[in-house]
Amino acid sequence: MSLGLVPTMGNLHAGHLALVERSIRENKKTIVSVYVNPLQFGPNEDFDQYPRTLDADRAILSQYDTVTLWAPTTKDLYPLGVANAYGITAPKAMAQHWCGNSRPHFFDGVCTVVFRLCQQANPTRLYMGEKDYQQCTIIQGLIHDYRLPISVVPCPIVREADGLAYSSRNQYLSPAERVHATQLYRAIQAAQTTVTNGEPNPAMVIQTCQACLGSPLKIDYVGIADPCSLKPIDRDIRPNDRLMLAAHLGKTRLVDNHEFHLGTSRAAGTH
Ligand code: AMP
């Protein structure tokens, strides 16, 4: 019997549900895990504030016949306790860039929890969102490196009508910040247009993108990654290279990315 696993931290939104619905189509049963994993948060990050809405999540998932919500406890996942947990270290070559630079323990925490979730749920397929492209790629590497018999299914980014990628953290934004948050998608569109118009030089495209990200946004990073190694590219842009961006807006950190295409008219991302 095929089983899909969709790891989440809960507070389910349309981005999560795209993964869930893909899993429903491809598997007899689907498990959606809901666990806010302390190992992937730094000491000054939002672990305590992170929205926990288990009842609402349960209600949303009850519409799907083949879906089970699994909300493991910390004891279930880390029997020795978080401080004594045996961890997986994400390879530095992939984890040192982008989000790993600003959140040094993040990918170790993600690898450790996803490994444990897989070990306990034993899925056929594992559904990961490209919204977190670096995470998705590192988890593909993890599954491959441990030769786990699981197919990782990367799923496209789901965006709100104005282009902002769905994220549980969007609800931290004030109404005014929510308006400024659309700068990210506009920066993505400007970068894609520059590439479509024939600019191959990553530095020029990055500059265009940065120019769209003004106050009150504070850029964490903007760059272009090789889609497999995740290294910043130092060559002409090719199709499938990833524009990577993150910015702070007040207390909220927003992360986004975009797969470049060299053709003419495809819109950036999905709505
Ligand atoms: P999270 O609950 O934020 O840990 O996300 C759980 C899974 O949903 C991860 O694989 C994310 O990449 C994915 N995800 C979150 N937001 C989106 C989105 N807007 N579009 C696609 N996938 C998403």
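Residues numbered from 1 in each chain as written. Predicted model: local features only at pLDDT ≥ 70, side-chain atom pairs only at ≥ 80, totals over all residues. Heavy atoms only, no water.

A. Representation of the site of the ligand. Taken together, 17 residues surround the ligand, and among them Met9, His16, Gly129, Asp132 and Tyr166 come closest. Within the side chain of histidine 16, a nitrogen or oxygen atom sits 2.8 Å from an oxygen atom of the ligand. At a separation of 2.9 Å, a nitrogen atom of the ligand approaches a polar backbone atom of tyrosine 166. Protein chains shield 92% of the accessible area of the ligand, which is 490 Å² for the free molecule. Counting only elements with at least two residues in the shell around the ligand, the list comes to strand 1 (3-8), helix 1 (14-26) and strand 4 (125-129). (Near = heavy atom within 4 Å. Polar contact = N/O pair within 3.5 Å; in protein donor to acceptor, adjacent residues only side chain to side chain. Areas by Shrake-Rupley, 256 points an atom, 1.4 Å probe, with all protein chains shown as cover. Helix = DSSP H or I, 4+ residues; strand = E, 2+ residues; numbered from the N terminus.)

B. Quick peek at the packing of helix 6 (residues 106-121) against helix 7 (residues 133-145). Here helix 6 crosses helix 7 at 50°, and the two axes come no closer than 10 Å. Classed by the angle they form, the pair helix 6 and helix 7 counts as oblique. Of the two elements, helix 6 crosses helix 7, and the hand of that crossing is right-handed. Of the residues in helix 7, those touching helix 6 at Phe106, Phe107, Val110, Cys111, Val114, Phe115 and Cys118 are Gln134, Gln135, Ile138, Ile139, Leu142 and Ile143. (Axes fitted to C-alpha atoms, helices over the stretch in contact; angles between N-to-C directions. Parallel < 35°, antiparallel > 145°, perpendicular 65-115°, else oblique. Left-handed = near helix turned anticlockwise from the far one by under 90°. Contact = heavy atoms within 4.5 Å.)

C. Representation of the pairing of strand 7 (residues 242-249). Summarising burial for strand 7: 7 of the 8 residues are buried, a large majority. Strand direction decides the pairing type here: strand 6 (residues 217-225) and strand 7, joined by 8 bridges, are antiparallel. Residue pairing for strand 7: valine 222 is matched across the bridge by leucine 245. As defined by bridge partners, strand 7 adjoins strand 8 (residues 252-259) across 8 bridges and the pair is classed as antiparallel. Bridge assignment links arginine 242 to a residue of strand 8, and that residue is glutamate 259. (Buried < 20%, exposed > 50% of the residue type's maximum accessible area, 1.4 Å probe, protein only. Pairing = 2+ DSSP bridges.)

D. Main features of the nonpolar core. By size, the foremost hydrophobic cluster in this structure holds 38 residues, and its most contacted members are Leu126, Ile138 and Ile139. For this core, the elements supplying multiple residues, two or more each, are strand 1, helix 4 (92-95), helix 6, strand 4, helix 7, strand 6 and strand 7. Counting residues per element, this core draws most heavily on helix 6, which supplies 10 residues. Leaving out residues up to four positions away in the same chain, leucine 126 has contacts with Leu5, Pro7, Val114, Cys118, Ile139, Ile143, Ile150, Ser151, Val152 and Val153. Within the second largest apolar cluster, 23 residues are counted, among which are Leu173, Ile206, Leu245 and Leu249. (Core = buried A, V, L, I, M, F, W, Y, C linked by side-chain atoms within 4.5 Å.)

E. Region of interest: helix 6. Counted at 1.5 Å a residue, the expected span for helix 6 with its 16 residues is 22 Å, and the 22 Å between its end C-alpha atoms agrees. Among the 16 residues that make up helix 6, 13 are buried, leaving the element largely enclosed by the rest of the structure. Within two residues after helix 6, asparagine 122 carries a phi angle of roughly 55°, on the positive side. (Expected span 1.5 Å × (residues − 1).)

F. Region of interest: the sheet that holds strand 7. Taken in spatial order, the 3 strands of this open sheet run 6-7-8, and their pairing is antiparallel. In this open sheet, the two edge strands, each paired with only one partner strand, are strand 6 and strand 8. Averaged over all adjacent pairs, the angle separating strand axes in this sheet is 15°, with direction ignored.

G. Expanded view of the packing of aromatic side chains. Under the definition given, this model contains 6 aromatic pairs. Ring geometry for phenylalanine 41 versus tyrosine 50: centroids 6.1 Å apart, planes at 75°, classification edge-to-face. The same class applies to phenylalanine 41 as to tyrosine 50, namely buried. A centroid spacing of 5.0 Å and a plane angle of 50° characterise the contact between phenylalanine 115 and tyrosine 146, whose relative ring orientation is tilted. Taken together, the residues phenylalanine 115 in helix 6 and tyrosine 146 in the loop between helix 7 and strand 5 (151-155) connect sequence positions 31 residues apart. You can call phenylalanine 115 buried: its relative accessible area is 19%. Connected via pairs of aromatic rings, a cluster forms that spans Phe41, Phe47 and Tyr50. Above the plane of the ring of phenylalanine 47 lies arginine 52, whose end atom (NZ or CZ) is 4.7 Å from the centre. Arginine 103 extends its terminal NZ or CZ atom over the ring of phenylalanine 41, reaching a point 6.0 Å from the ring centre. (Phe/Tyr/Trp six-rings, centres within 6.5 Å; stacked < 30°, edge-to-face > 60°. Lys NZ or Arg CZ within 6 Å of the ring centre and 35° of its normal.)

H. View of unusual backbone geometry. Note that the residue after serine 215, namely proline 216, is joined by a cis bond; omega there is 5°. You can see proline 216 is positioned in the loop between helix 10 (202-211) and strand 6. For leucine 230, which is not a glycine, the phi torsion comes out positive at approximately 70°. When you line up the elements, leucine 230 lands in the loop between strand 6 and strand 7.

I. Molecular detail of the pattern of salt bridges. In this structure the tally under the stated criterion is 11 salt bridges. Where aspartate 46 meets arginine 169, a salt bridge forms, and the shortest distance between an N and an O atom there is 2.8 Å. Of this pair, aspartate 46 sits in the loop between strand 2 (29-34) and helix 2 (54-61) while arginine 169 sits in the loop between strand 5 and helix 8 (175-180), placing them 123 residues apart in sequence. Summarising the burial analysis for this pair, aspartate 46 and arginine 169 share the class buried. (Salt bridge = Lys/Arg side-chain N within 4 Å of Asp/Glu carboxyl O.)

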